[in-house]
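Given next are the chains, with one letter for each unit.
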Amino acid sequence: MQQHICPASSLTGTITLPGDKSISHRYAMIASLAEGATRISNYSTGADCRSTLGCLRSLGIEMEGEGTDIVIHGKGLDALQAPSGDLDAGNSGSTIRMLSGILAGQRFASRIGGDESLSRRPMQRIMRPLAAMGSRIRAREDQYPPLEIEGAPLQPIDYTLPVASAQVKTCVLFAGLLAEGETSVTEPVRSRDHTEIALREFGAEITVERQRITIAGRPKLSARELSVPSDLSSAAFFLVGALLVPGSQLTIVGVGLNPTRSALLDFLSAMGARIRIPELESRNGELVGDLTVEHSSSVRGGTIEGSLTAALIDEIPVLAVLGAASEEGLTVRDASELRIKETDRIRSIVDNLGRMGVRAEEFPDGFYVPGRQKLRAAEFDSYGDHRIAMAFAIAALACDGESVIHGAESASVSFPEFWDTLSRLAGQTAATR
Ligand code: S3P
């Protein structure tokens, strides 16, 4: 699918966004291990989170509701059933990595895989700790999906993560739920902590001391009523869009502002962006608030490196676009993880910047895009990656003519409503071909 996008005169209005992808996955998986009916409202509409529900259904979990309000009937830690065929994680790294922690502790074998992009993503990072806990997993070429997981009684573990990854941390903590005794995970830098918050909500005993998280195995998890905040990583596209396009004034309602996710707001504010959060509330242990943002005639630019890179990892594609229009440009380092996301995001960012005439220098672990560059209308390629499609759609709003996004359908992995929301806000009808 192609989307044709014209320059926008402003981005103005009030929007709501789909439920947070990270939180939706976790609520669904934990609800499946809890006892009773968990009601989840504002569950993500993205294809990734639908993949999680599909896998859980194949494991015998009953559900009601089709849209964003769902009920998951859990029957406790040991109630999953052997699937009759392969589990399909689609495009979703979160689904395969997190669910593998649960599959590793079952009394049955399972096989989980996904689409072409997922089949190229490394799984050694979860296979190693799960093997140390007693599970036997086979992978294509020893590291790629599909994974054949035998299922075994698991031993607790005290594990130090070699890479900062909330998916791997979650995988080990989920496996730890099924093991007798205490499982600990130490992370090199603090990653998003939705798993810790959600597990506590469901009644698990979990302690956090700096970067070390410990979970007591075999807890009784109780069903809950939960509401998913809007996804800050989806909001990032519209925040940057509003900053770029003169005359913009935008309010985004009910956004998840968990401090382990909200580095984006500090980073943009340090660049000179005017973002306000009138009020904050806590919902199921997660901070939530409305965001207002307006156009900024100049943003400074900056450097993303070290632990900040991990904190902004999903927002880097759209920040690259802002970097080109900023005063001082944007440098990104310590980001080699970007090369093994849904696509090689460093390559696809630099390539798409080049398509609109923006110079950028590529490094093995990042890139530098000088500031004060003109954005020219172009034909962009999503490379099948939702965040690349949406980042360059935002760039197109500030270009000097009509642009085209090829592979625009990939946005639906996290944000199926993206194109409609964009055309409503920008006051244009984006033609779809
Ligand atoms: C996620 C963690 C991050 C992030 C991904 C979602 C999560 O991946 O990029 O979009 O929900 O835990 P890593 O764990 O690989 O860093």
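The structure displayed is predicted, hence computed values, not measured ones.

*Asks:* An account of the site of the ligand is requested, with residue identities and associated values reported.
*Replies:* Of all residues adjacent to the ligand, which total 13 residues, the nearest are Ser22, Arg26, Ser165, Asp314 and Lys341. Contact distances for the ligand include 2.7 Å between an oxygen atom and a side-chain N or O atom of Asp314. Take Lys341: an N or O atom from its side chain is 2.7 Å from an oxygen atom of the ligand. Of all the secondary-structure elements, those providing two or more residues to the shell around the ligand are α1 (21–33), α3 (93–103) and α5 (166–178). With three residues, α3 is the single largest residue contributor to the shell around the ligand. In terms of residue class, the shell around the ligand is built from four nonpolar, four polar and five charged. Residues lining the shell around the ligand come from more than one domain, with at least three contributed by each of domain 1 (2–19 + 229–432) and domain 2 (21–227).

*Asks:* Explain α3 residue by residue, including any values.
*Replies:* One turn of the α-helix equals 3.6 residues, which is why residues spaced by three or four share an orientation. Taking burial as the measure, the eleven residues of α3 include eleven buried ones, the bulk of the element. For α3, every residue scored as buried is listed here: Gly93, Ser94, Thr95, Ile96, Arg97, Met98, Leu99, Ser100, Gly101, Ile102 and Leu103.

*Asks:* Outline the packing of aromatic side chains, listing residues and values.
*Replies:* Any aromatic ring pair is given by two values, namely how distant the centres are and how the planes are angled relative to each other. Taken as a whole, this structure holds six aromatic pairs when the rule is applied. A centroid spacing of 4.9 Å and a plane angle of 80° characterise the contact between Phe418 and Trp419, whose relative ring orientation is edge-to-face. Look at Phe418 and you get buried, because its relative accessible area is 0%. Members of the aromatic cluster, each reached through a chain of ring pairs, are Phe237, Phe238, Phe415, Phe418 and Trp419. Taking NZ or CZ as reference, Arg333 lies 3.9 Å from the ring centre of Phe363, over its face.

*Asks:* Please give an account of the pairing of strand β22 (residues 366–369) that cites residues and values.
*Replies:* As paired strands, strand β20 (residues 330–332) and β22 are joined by three bridges and run antiparallel to one another. Bridged to Thr331 within β22 is Tyr368. As paired elements, strand β21 (residues 361–363) and β22 share three bridges and run antiparallel to each other. Residue Phe363 lies in a different strand from β22, and its bridge partner there is Gly366. Connecting β21 to the next strand, β22, in antiparallel fashion are two residues.

*Asks:* A description of the pattern of salt bridges should follow, citing residues and the corresponding values.
*Replies:* Counted according to the given criterion, the structure contains 35 salt bridges. With its nearest N and O atoms 2.8 Å apart, the salt bridge here joins Glu196 to Lys169. Pair noted here: Glu196 is in helix α6 (residues 194–201) and Lys169 is in helix α5, with a separation of 27 residues, a long-range link. Exposure remark for Lys169: the relative accessible area of 0% places this residue in the buried category. The residue Arg347 makes a salt bridge to Glu362 at a minimum N-O spacing of 2.9 Å. Here the residue Arg347 occupies a position in helix α11 (residues 345–355), and Glu362 occupies one in strand β21, the gap between them amounting to 15 residues. What makes Arg347 partly exposed here is its relative accessible area of 38%. Through salt bridges with shared partners, one network takes in Arg121, Arg192, Asp314, Glu342, Arg345, Asp385 and Arg387.

*Asks:* Can you lay out helix α8 (residues 263–270) for me, pointing to particular residues and giving the numbers?
*Replies:* Taken residue by residue, α8 has Ala263, Leu264, Leu265, Phe267 and Leu268 as its buried positions. Just downstream of α8 lies Gly272, where phi reads positive at about 110°.

*Asks:* How would you explain the domain arrangement of the chain if you had to name every residue and give the values?
*Replies:* Its domain assignment divides the chain into domain 1 (2–19 + 229–432) and domain 2 (21–227). Computed from C-alpha atoms alone, the centre-to-centre distance between domain 1 and domain 2 is 29 Å. At the junction of the two partners, domain 1 supplies 29 residues and domain 2 supplies 30 residues. Between domain 1 and domain 2 the total buried area reaches about 2,400 Å² when both faces are included, carbon and sulfur atoms providing 45% of it. On the domain 1 side of the contact with domain 2, Asn284, Glu342 and Val413 bury the most area, a combined 25% of that side's loss. Counting across the interface, domain 1 meets domain 2 through 17 residue pairs in polar contact (both at pLDDT 80 or more). Among the elements of the structure, α9 (307–311) and α12 (386–397) are those that each provide at least two residues to the side of domain 1 that touches domain 2. Along the lines of polarity and charge, the residues of the side of domain 1 that touches domain 2 split into nine nonpolar, ten polar and ten charged.

About the cut-offs
Residues numbered from 1 in each chain as written. Predicted model: local features only at pLDDT ≥ 70, side-chain atom pairs only at ≥ 80, totals over all residues. Heavy atoms only, no water. Near = heavy atom within 4 Å. Polar contact = N/O pair within 3.5 Å; in protein donor to acceptor, adjacent residues only side chain to side chain. Helix = DSSP H or I, 4+ residues; strand = E, 2+ residues; numbered from the N terminus. Nonpolar A, V, L, I, M, F, W, Y, C, P; charged D, E, K, R; others polar. Domains from an automatic or database assignment. Buried < 20%, exposed > 50% of the residue type's maximum accessible area, 1.4 Å probe, protein only. Phe/Tyr/Trp six-rings, centres within 6.5 Å; stacked < 30°, edge-to-face > 60°. Lys NZ or Arg CZ within 6 Å of the ring centre and 35° of its normal. Pairing = 2+ DSSP bridges. Salt bridge = Lys/Arg side-chain N within 4 Å of Asp/Glu carboxyl O. Contact = heavy atoms within 4.5 Å. Buried area = accessible area lost by both parts, 1.4 Å probe.

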